Amino acid sequence: MSSATKKPKTDKKGLLERLNAGEVVIGDGGFVFALEKRGYVKAGPWTPEATIEHPEAVRQLHREFLRAGSDVMQTFTFYASDDKLSNRGNEAEAKHSGAKINKAACDLAHEVAAEGNALVAGGVSQTPDYLSGKGKAVVQGHFIKQRDVFVENEVDFLIAEYYEHVEEAVWAVEVLKESKIPVCASLCINKEGDLHGVSPGDCAVKLAEAGADVVGINCHFGLMDCVETVRMMKEGLDKAGLKTHLMIQPLAYHTPDASKQGFIDLPEFPFGLEPRLATRWDMHEYARASYDLGVRFIGGCCGFEPYHIRAVAEELAPERGFLPKGSEKHGMWGDGLRQHTKPWVRARARKDYWKNLKPASGRALCSAHSTPSNWGVTQGDESLKQKKQITSDEELKALFDKKC
């Protein structure tokens, strides 16, 4: 770790110290979707080589989340395992190496965290080699490489996130716990459980027994869907007599019609999701429901922009005792509209108007729900075995001939 990015000596409280005191810890939002829209991440592989190729973009997004109220600067290391960085024609591993991408992510997160009172979290996620059935030793080998970079670069805690199968998440927790720093673990599942049929409650117990200090849900499903799944995880932990902190970082999209595979199974994924986007007012409801459930690590995943995180911070300002800097230019519940030139817009400067609004899509022929693809394949299926070569035209044609 270079002296320029060396973790400063501060008296800031750690993650577990904050959670044990009952404090709210606000996470950040969705980097891959936000940076894809800005032109710095490629949809498809969704890998984070932008930490090296466009560090200014990653740094700026960190800063926007910090200003919006985030207490955690999570390293932009989603899908940064070596196998993912070289999967299906991806050249990121060959061009940069996973170690350098992960190291650059740590530097950027530390730099911005030092501008506030934020914690730095190193993150690992599910791997192509797990889907390909290559076994525990191979998969854990990828996690070890990332973990060692995070430890060397002195992150404050670790997150194993975005796992469809609790088995792989447990493998990740086992590796991360060897670091002797706090470990969080979150799955991208709904109330039906993981893709091998393990219930949310049992998933939570497995993660806690593996050593996770914080367990919960992230990605694949919308706000209140994830709140309900965390509720089921909490019930499972309570039944087992396990005391573990809870976290939640859902999508910023409404997904009531999603199947067990989540939003990736919706026909709008990934380029037509905008009509499903949650409003800042939806975020107030989500934040309050999460807090009332007992969740204290509350953030967001794909689709979450800084203004969404600001809404979470504003809703929980009474409990936290302060507003984020980003609220300096935001009137609570539309209060700033009292300064608008048009009287009918000034009439909207009130909480009940925005809280009760049912937004229209402006698309006359759009349905409220979609029909998920429902191909029904998961780990162990031949079609999910990964390779280094890019998908060929012939292989694509075979997929096109199926019902998408």
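Residues numbered from 1 in each chain as written. Predicted model: local features only at pLDDT ≥ 70, side-chain atom pairs only at ≥ 80, totals over all residues. Heavy atoms only, no water.

Undergrad: Please clarify how the packing of aromatic side chains should be interpreted in this entry.
TA: The description of an aromatic ring pair uses the distance of the two centres, along with the angle that the planes make with each other. Tallied over the entire structure, the rule returns 19 aromatic pairs. Aromatic side chains Phe-33 and Tyr-253 sit 6.2 Å apart centroid to centroid with 55° between the ring planes, which places their arrangement in the tilted category. Taken together, the residues span a long stretch of sequence, with Phe-33 in helix α2 (residues 31-37) and Tyr-253 in the loop between β7 (245-249) and α12 (280-293) at a distance of 220 residues. Each member of the pair, Phe-33 together with Tyr-253, is buried. Every member of this aromatic cluster is reached through a ring pair, and the members are Phe-33, Trp-46, Tyr-253, Phe-263 and Phe-269. We note Lys-84 situated over the ring of Tyr-79; from NZ or CZ to the ring centre the distance is 4.3 Å. Just above the ring of Tyr-291 sits the side chain of Arg-296; from NZ or CZ to the centre is 3.6 Å. (Phe/Tyr/Trp six-rings, centres within 6.5 Å; stacked < 30°, edge-to-face > 60°. Helix = DSSP H or I, 4+ residues; strand = E, 2+ residues; numbered from the N terminus. Buried < 20%, exposed > 50% of the residue type's maximum accessible area, 1.4 Å probe, protein only. Lys NZ or Arg CZ within 6 Å of the ring centre and 35° of its normal.)

Undergrad: Where do I start with the side chain of His-220 in this structure?
TA: Mapped onto the fold, His-220 is located in the loop between β6 (214-218) and α11 (223-240). At a separation of 2.8 Å, a polar atom in the side chain of His-220 contacts the side chain of Tyr-162. Contacts of His-220, omitting those with residues within four sequence positions, involve Tyr-162, Glu-164, Cys-188, Leu-251, Gln-261, Gly-262, Phe-263 and Ile-264. (Polar contact = N/O pair within 3.5 Å; in protein donor to acceptor, adjacent residues only side chain to side chain. Contact = heavy atoms within 4.5 Å.)

Undergrad: Just to check I follow, could you spell out the nonpolar core for this structure?
TA: Nonpolar side chains tend toward joint burial in soluble globular proteins. Residues Leu-187, Leu-207, Phe-263, Met-283 and Tyr-286 are the most contacted members of the largest nonpolar core, which totals 92 residues. Here this core gets eight residues from one element, more than from any other, and that element is helix α9 (residues 166-177). Not counting residues within four places of it along the chain, the set of residues in contact with Leu-207 comprises Val-166, Ala-169, Val-170, Val-173, Ala-185, Leu-187, Ala-212 and Val-215. Ranked by size, the runner-up nonpolar core spans twelve residues in total, among them Leu-119, Phe-157, Cys-184 and Met-247. (Core = buried A, V, L, I, M, F, W, Y, C linked by side-chain atoms within 4.5 Å.)

Undergrad: How should the side chain of Gln-146 be read in this particular structure?
TA: Within the secondary structure, Gln-146 sits in helix α8 (residues 136-152). Judged by relative accessible area, Gln-146 falls into the buried class, the value being 3%. Reaching out from Gln-146, the side chain makes a polar contact with the side chain of Asn-102 at a distance of 3.0 Å. For Gln-146, the contacting residues outside a window of four places in its chain are Thr-77, Ala-80, Ser-81, Asn-102, Gly-123 and Val-124.

Undergrad: Sorry, what's going on with the sheet that holds strand β8 (residues 297-298) here?
TA: By definition, the strands of a sheet pair up through backbone hydrogen bonds, in either a parallel or an antiparallel sense. Pairing is parallel across the open sheet formed by eight strands, whose spatial order is β1-β8-β7-β6-β5-β4-β3-β2. Among the strands making up the open sheet, the edge pair consists of β1 (25-26) and β2 (72-74). (Pairing = 2+ DSSP bridges.)

Undergrad: I'm lost on α11 in this one. Help?
TA: Side chains that are three or four residues apart share a direction in an α-helix, a result of its 3.6 residues per turn. Between its first and last C-alpha atoms α11 spans 26 Å; for 18 residues at 1.5 Å apiece the expected length is 26 Å, and the two agree. Contact partners of the buried residues in α11: α10 (200-210), β6, β7 and α12. Of the residues trailing α11, Gly-241 is marked for its positive phi of about 75°. (Expected span 1.5 Å × (residues − 1).)

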